[in-house]
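A structural walkthrough
Read off the chains here:
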Amino acid sequence: MLHVALIRHGPTEWNESGRFQGSTDLPLSDRGRAHARAVARALVGDGVRRVYSSDLQRARETAQAIADANGVARVEDARLREFDFGRWEGLTWDEIVAQDPELARRPRSAARYYRPAGGESFESVRRRVRAFLDDLIAKGESPVAVVTHAGALHAFCAELQLETTRFSPGGISRVAIAGDKARLVSLDDVAHLDSD
């Protein structure tokens, strides 16, 4: 059985102001760095053998804190990147809806409906996440931590046929995978963030 801790990176200034950042490469905010330290502490004792991360700075910073605290390697993989939000990048949901009022009927967190102009579809994100997941399963290394983004986490769970709602910055979701079956052990655990 493969045990995977799926982690959303800590917050950035754009997260804190409600802006879509997608492929825009922003660092963690001070609060985000505190979240990264808290996530790292929460995973000590889990026996994490490797930390995989998106190649975007906010995920790399979060993953490096985990890798350092657990004395393991961090491996970057561009397949773990967030959606490319195209023309939505840097905008708030209200600003996006002002440009495309049709979206007002959809919640901002409904990733499966995203088709931003000049950006990436949810199906595209699912394909690259599936390729990463297949490689991870083939390696069989466990337990591992995967630091990525909300859209990619929704894609992971869609590929594993797991029901999810939302993923908080610094939240940890644990999954157990056996063959073609997956079980959600915990979803969006943020109890460790109370200390920061």
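By convention here, each chain's residues receive numbers from 1 onward along its written sequence. Note on the predicted model: pLDDT of at least 70 is required for a residue's local features to be given, and 80 or more for side-chain atom pairs to be given and counted; whole-chain, interface and lining totals, by contrast, use all residues. Values shown for side chains rest on all heavy atoms present in the structure; no hydrogens or waters enter the calculation.

Section: the side chain of D77
Put simply, DSSP H or I for four residues or longer makes a helix, DSSP E for two residues or longer makes a strand, and each gets a number counted from the N terminus. Turning to its location among the elements, D77 is positioned in the loop between β3 (74–76) and α4 (93–99). Its relative accessible area of 15% is what places D77 among the buried residues. Here a polar contact is recorded for every N or O atom pair within 3.5 Å, except that within protein the pair must consist of a potential hydrogen donor and a potential acceptor, and residues adjacent in sequence are included only if both atoms are side-chain atoms. A polar contact is formed between the side chain of D77 and the side chain of R79, at a distance of 2.8 Å. If we skip the residues at most four places from it in the chain, D77 touches S53, S54, D55 and F132. Relative accessibility decides the category of a residue: with a 1.4 Å probe and only protein chains considered, values under 20% of the type maximum give buried, values over 50% give exposed, and everything between is partly exposed. Any two residues having at least one pair of non-hydrogen atoms within 4.5 Å are treated as being in contact.

Points about helix α3 (residues 57–70)
Every helix has an expected span of 1.5 Å times one less than the residues it contains. End to end, α3 covers 20 Å across 14 residues, agreeing with the expected 20 Å (1.5 Å per residue, within 8%). Residues of α3 that are buried: R58, A59, T62, A63, A65, I66, A67 and N70. Backbone geometry just after α3 places G71 at a positive phi near 65°.

Quick word on the nonpolar core
By size, the foremost hydrophobic cluster in this structure holds 33 residues, and its most contacted members are V4, W88, W93, L136, V146 and F156. If you list the elements that add at least two residues to this core, you get β1 (2–8), α4, α5 (122–139), β4 (144–148), α6 (150–159) and β5 (172–178). Here this core takes 6 residues from α5, the largest share from any one element. Nonpolar cores were defined as sets of buried Ala, Val, Leu, Ile, Met, Phe, Trp, Tyr and Cys residues, with membership established by side-chain atoms within 4.5 Å.

Section: the pattern of salt bridges
Whenever Lys or Arg places a side-chain nitrogen within 4 Å of a carboxyl oxygen from Asp or Glu, that contact is recorded as a salt bridge. This model, assessed by the stated rule, comprises 17 salt bridges. Here E16 and R31 are joined by a salt bridge, their closest N and O atoms 3.6 Å apart. With E16 in helix α1 (residues 13–16) and R31 in helix α2 (residues 30–43), the pair connects residues that are 15 residues apart, well separated along the chain. By relative accessible area, which is 40% here, E16 ends up partly exposed. Given a relative accessible area of 47%, R31 falls into the partly exposed group.

What to know about the environment of V185
Mapped onto the fold, V185 is located in strand β6 (residues 181–189). With 180 residues separating them in the primary sequence, V185 and A5 have C-alpha atoms 9.5 Å apart.

Here we look at the pairing of β5
Working note: regular strand, side chains alternate between the two faces of the sheet. Within β5, 5 of the 7 residues are buried, which leaves it mostly tucked inside the rest of the structure. At least two bridges found by DSSP between two strands is the condition for calling them paired. Here β1 pairs with β5 via 6 bridges, running antiparallel. When the bridges of β5 are listed, I7 appears paired with I172. Examined bridge by bridge, β5 and β6 share 6 bridges and lie antiparallel to one another. By the bridge assignment, V175 is partnered in β6 with L184. Joining the antiparallel neighbours β5 and β6 is a turn of 2 residues, in which G179 adopts a positive phi near 60°.

Brief notes about the packing of aromatic side chains
Stacked, tilted and edge-to-face are the three classes assigned to paired rings of Phe, Tyr and Trp, where Trp is represented by its six-membered ring and a pair needs centres within 6.5 Å; plane angles under 30 degrees give stacked, over 60 edge-to-face, the rest tilted. This model, assessed by the stated rule, comprises 9 aromatic pairs. Here the aromatic rings of Y52 and F132 are separated by 5.6 Å at their centres, their planes lie at 75°, and the arrangement is edge-to-face. Taken together, the residues span a long stretch of sequence, with Y52 in strand β2 (residues 50–53) and F132 in helix α5 at a distance of 80 residues. Taken as a pair, Y52 and F132 share a single burial class, namely buried.

What to know about the sheet that holds β1
Through backbone hydrogen bonds, the strands of a sheet pair up, either in parallel or in antiparallel fashion. Spatially, β3-β2-β4-β1-β5-β6 is the arrangement adopted by the 6 strands of the open sheet, whose pairing is mixed. Only two strands of the sheet have a single neighbouring strand rather than two, namely β3 and β6. The sheet shows a mean angle of 20° between the axes of neighbouring strands, direction not considered. Judged from the 5 bridges that link them, β1 and β4 form a sheet pairing that is parallel. Its bridge partner being in β4, I7 is matched across the sheet by V147. For helices, the fitted axis covers only the stretch in contact; all axes are lines through C-alpha atoms, and the angles between them, taken along N-to-C directions, range from 0 to 180 degrees.

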